[in-house]
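# Examining the three-dimensional arrangement
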2 protein chains.
Amino acid sequence: MQSDTICAISSAHGKGAIAVIRISGHNSIDVLNKIYSPYGKKETSKKLRRRVSVGQITDGTKFIDEVVVNEFYEPHSYTGENVVEISCHGSTYIQNYLIELLIKNECRIANKGEFTYRAFMNKKLDLSQAEAVSELISSKTSKSHELALKQMRGGISSEIKILRDKLIKFASLIELELDFSQEDVEFADRKELMTLLDSIKFKILAIIKSFKYGNAIKNGVPISIVGQPNSGKSTLLNKILNEERSIVSDIEGTTRDTIEEMINYNGIEMRFIDTAGIRNTDDKIEKIGISRTYEKISSSLFILYLIDRSNYNSSLTKKEIQSIKSKISDEVKIIVLLNKFDLNKSDFKDNFLENFDCFDISAKKNIGVEKILKNIEQNVINWNDINSDIVITNQRHYSSLTNTISTINEIEKGLESKVSGEFLSIDIKKSLEYLGEISGEISNEDLLDSIFRDFCIGK
Amino acid sequence: MQSDTICAISSAHGKGAIAVIRISGHNSIDVLNKIYSPYGKKETSKKLRRRVSVGQITDGTKFIDEVVVNEFYEPHSYTGENVVEISCHGSTYIQNYLIELLIKNECRIANKGEFTYRAFMNKKLDLSQAEAVSELISSKTSKSHELALKQMRGGISSEIKILRDKLIKFASLIELELDFSQEDVEFADRKELMTLLDSIKFKILAIIKSFKYGNAIKNGVPISIVGQPNSGKSTLLNKILNEERSIVSDIEGTTRDTIEEMINYNGIEMRFIDTAGIRNTDDKIEKIGISRTYEKISSSLFILYLIDRSNYNSSLTKKEIQSIKSKISDEVKIIVLLNKFDLNKSDFKDNFLENFDCFDISAKKNIGVEKILKNIEQNVINWNDINSDIVITNQRHYSSLTNTISTINEIEKGLESKVSGEFLSIDIKKSLEYLGEISGEISNEDLLDSIFRDFCIGK
């Protein structure tokens, strides 16, 4: 089944010095030849995997632009098909004209991620590698870049493949038993299977555990700043932002009405959420506002709770922190900051606070601010389970892996109660499917649609 | 004198599927080799003018990205130097990382237009061609694209070169006379020089005349819509915009407080300026507002003056149009539109209006609207002097050419009053300089600075 020829602008949207138009499909070289004449002699060596040339794009007799053209011959290309990349002058007029010209010459505009989709269909990439391409393009910090690259180079796929292949071996032995079911033989050693399942579970659980880290790296670490009026929340936020750290500014979907500021701290994107307004109150209307604030902070991974050290009220603090704790999950870490250390350096002791990481700081004098960020960084790094080389960043992989664990638990239960090979086989197949979803050995159109929908055009 | 190595992001700003980083300088291949390893064997044929490869960028041992690399070997490159173009994954992180990596490896960020500047210095392009590159990238319509392409391919330069070479021949003959000044010989035939000057003047004047057309194509055609309250101005503007014409939306510097709307009509960018508020008044304060409006419309090339046909007041119309005429240059064309033709189809005659292009229209019923646009289009096209193949779009070229005409006039005056060769020689040299400015044979740093300052980074 030969696919049609697709085209798209692959460089960023808008005017630039250069723009890149990408074409893929078995016929893309023929399409190119209709609109393009290279200067000089064309090398025609059949051994060539790719070729660069300079020449003219024309529409009939009308000269359109002088361009650089890269041709990649199948299967030696990104998509596995013949691929052409035209570097043209980057006016929006020329970009649009070229796309129209290609459409006139029987190309079609590529869907989002369709080049990578074809690469997947032609087995140039597996599914998790394809997803990593999109994550790579979206990465904004060194750590998210690193995780995306690792995944793109097949990290998780090869790990999963090893586990899956072992399970497949067992599955086929059990299938064999079923073929000889009248003879009541056991080709598949139940004890060995149990050991294997335990070791698979151990590995997968470690990978699952890495998701908290991976997700924080990929999507940033949300951190709420909470505290009573005048405890120094804004001063702290400004101090964190005003330091010469690179500010990650182009996060999509950040609207100005939610007060969120981001920094890139040693490759970790930290998102600080201003929660002005949180405090204990009996006013009913104010309570509604506060419950909204709680919704926001409950999606944080850290809460910085500020206390004015020079004006400390032990019972109020306890009441507030407990109220916060009651409304958030155990995953969220509360860090207590004893602010205004510059004004009051007296010894400070409150047994209740011993349950928390607790820092003396002065936001105003910039004492201890770096310590907070270091502490958050260290916490995030510690989420990275040392039992796993693999870090997952993708909700889909996380779901497939937790589903795998459930079915493995089912198999183990079955083994313990000595169920028949038929039942074992059903559960093993299920877990093979879940594992196969990750690299795309098992996939369906809906799944593929939902994955490639998130890509940008031209990739 | 060997130049340093420059680098820049050449694709449009922001995240894309692909981004292109460009490097130029004699050492750019060495720089590349420090950070890049191609997959497979590197072809090393010395005859190669350029090469494409796929491989890995690394920073020390750290893997950064998988990229496509084009190498262009001097002098077969855009700048005439060794040029490298790296197509990387288009995350802003990778783009910035690569630039930083290049800077670590002794590259410098290119100034605006510096690649093209180097192409000019290495005689790959003359100055007017270099300017055309910038105009090409900025072109938004088919006609502006066409003019930029023509200029980029050397249109005006070769025309000017012919004229200039002829003048140079004369200049050298006159120089020769000066060497033999004691002998009182005339190597340069004065009559022939006069004929040559006339023919040069004829050609240059035709080119100068083309500037009105070229400028309108390059910068768009400003059109003011003027008329009394309720004459149908907004309805007309909406009708013009709502038709399915492509709206040119990304004009830089368009602020929302000046009400200006643009369409692309058959390759001509028409900019409609809403001038609500213009009318005769004796109120002093209102007069100030109106004089501001006049400032705006005086920079228009067309004024659409709307009259409510069903409520026509001859003397008021005459008074208003004459007032407008007194405040604008003769270059501005007034088109009178007798609106609401659907409400009043009675014969209509006013001798005063016979001085103008005059159309019955109904903005509401969309009668005659297309005719207006066609009329404007035809007028613009007619500005294109048929005596010149060349169209100039550039204020700088226009100034150089008008300066050339003045000096040629001086030479002719000198010839008529039979001044000595010495004086002739001075004026001829001056006109050679003016002509030489266009293609950059004569240039200076200030001029070059001012030209390349308008380029985008990466070109």
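The text that follows walks through the structure, step by step, so that each part is easy to find.

## What about empty space enclosed by the protein?
Summary: where empty space remains is shown by rolling a probe the size of a single water molecule over the atoms. Residues and elements named next belong to chain B. This model, assessed by the stated rule, comprises four cavities of 30 Å³ or more. What the second largest cavity holds in volume is close to 60 Å³. Lining the second largest cavity are Leu147, Lys150, Gln151, Gly155, Ile156, Asp389, Ile390 and Val391. Mapped onto the lining of the second largest cavity, the elements with two or more residues apiece are α5 (142–152) and α6 (155–179). Class assignment of the residues belonging to the lining of the second largest cavity gives a composition of four nonpolar, two polar and two charged.

## Brief notes about the side chain of Lys459(B)
Here Lys459(B) is to be found in the segment after α14 (445–452). Here Lys459(B) occupies a buried position and makes no salt bridge, while the nearest side chain of opposite charge, Glu85(B), is found at 6.9 Å. Once residues within four sequence positions are removed from consideration, Lys459(B) is found in contact with Ala17(A), His89(A), Arg22(B), Tyr78(B), Gly113(B), Glu114(B), Phe115(B), Thr116(B), Val133(B) and Ile137(B).

## Considering the relation of the copies chain B and chain A
Both copies of the chain are related by a screw-like operation: a rotation about an axis and a shift along it. Relative to chain A, chain B is turned by 180° and slid 0.0 Å along the rotation axis, the superposed coordinates differing by an RMSD of 0.1 Å. These values place the two chain copies in the arrangement generated by a two-fold rotation axis. Taken together, the interface assignments show that 100% of the residues at the interface of chain B recur at the interface of chain A, consistent with an identical surface on both copies.

## Some remarks on helix α2 (residues 92–104) of chain B
All names here are of chain B. A rise of 1.5 Å per residue sets the reference length of α2, with its 13 residues, at 18 Å; its end C-alpha atoms lie 18 Å apart and thus fit the reference within 8%. Among the residues of α2, those classed as buried are Thr92, Tyr93, Ile94, Gln95, Tyr97, Leu98, Ile99, Leu101 and Leu102. Where α2 ends, the next residue or the one after it, Glu106, has phi of about 70°, a positive value.

## Overview of the packing of helix α7 (residues 190–219) of chain B against helix α11 (residues 369–383) of chain B
All names here are of chain B. Interhelical geometry of α7 versus α11 gives an angle of 135° and a closest axis separation of 7 Å. Compared by their axis directions, α7 and α11 come out oblique. Residue-level inspection shows Lys209, Ser210, Lys212, Tyr213, Ala216 and Ile217 of α7 in contact with α11, the latter providing Val380, Ile381 and Trp383. Here the contact of α7 with α11 is composed, by residue class, of six nonpolar, one polar and two charged.

## Here we look at the pattern of salt bridges
All names here are of chain A. As enumerated under the stated definition, the model contains 42 salt bridges over all chains in all. Here Arg51 and Glu71 are joined by a salt bridge, their closest N and O atoms 2.9 Å apart. Of the two residues, Arg51 is situated in strand β4 (residues 50–59) and Glu71 in strand β5 (residues 62–72); the sequence distance between them amounts to 20 residues. We note that Arg51, like Glu71, is buried. Among the salt bridges present, the one from Arg190 reaches Glu177, with a minimum N-O distance of 2.8 Å. A residue pair is termed long-range when its members are at least 10 positions apart, and Arg190 in helix α7 (residues 190–219) and Glu177 in helix α6 (residues 155–179) qualify at 13 residues. Each member of the pair, Arg190 together with Glu177, is buried. Overlapping salt bridges bring together Asp4, Glu81, Arg108, Glu114 and Arg118 as one network.

Cut-offs used in this document
Residues numbered from 1 in each chain as written. Chains lettered and ligands numbered in written order. Predicted model: local features only at pLDDT ≥ 70, side-chain atom pairs only at ≥ 80, totals over all residues. Heavy atoms only, no water. 1 Å grid on protein atoms, 1.4 Å probe; cavity = no way out; pocket = protein on both sides within 12 Å on 5 of 7 lines; lining within 4 Å. Points joined across faces, edges and corners; volume = space filled by probe spheres on them. Helix = DSSP H or I, 4+ residues; strand = E, 2+ residues; numbered from the N terminus. Nonpolar A, V, L, I, M, F, W, Y, C, P; charged D, E, K, R; others polar. Buried < 20%, exposed > 50% of the residue type's maximum accessible area, 1.4 Å probe, protein only. Lys, Arg positive; Asp, Glu negative; His and termini not counted. Salt bridge = Lys/Arg side-chain N within 4 Å of Asp/Glu carboxyl O. Contact = heavy atoms within 4.5 Å. Least-squares fit on C-alpha atoms with pLDDT ≥ 70 in both. Expected span 1.5 Å × (residues − 1). Axes fitted to C-alpha atoms, helices over the stretch in contact; angles between N-to-C directions. Parallel < 35°, antiparallel > 145°, perpendicular 65-115°, else oblique.

Scope: geometric values only; no functional claims are made or implied.
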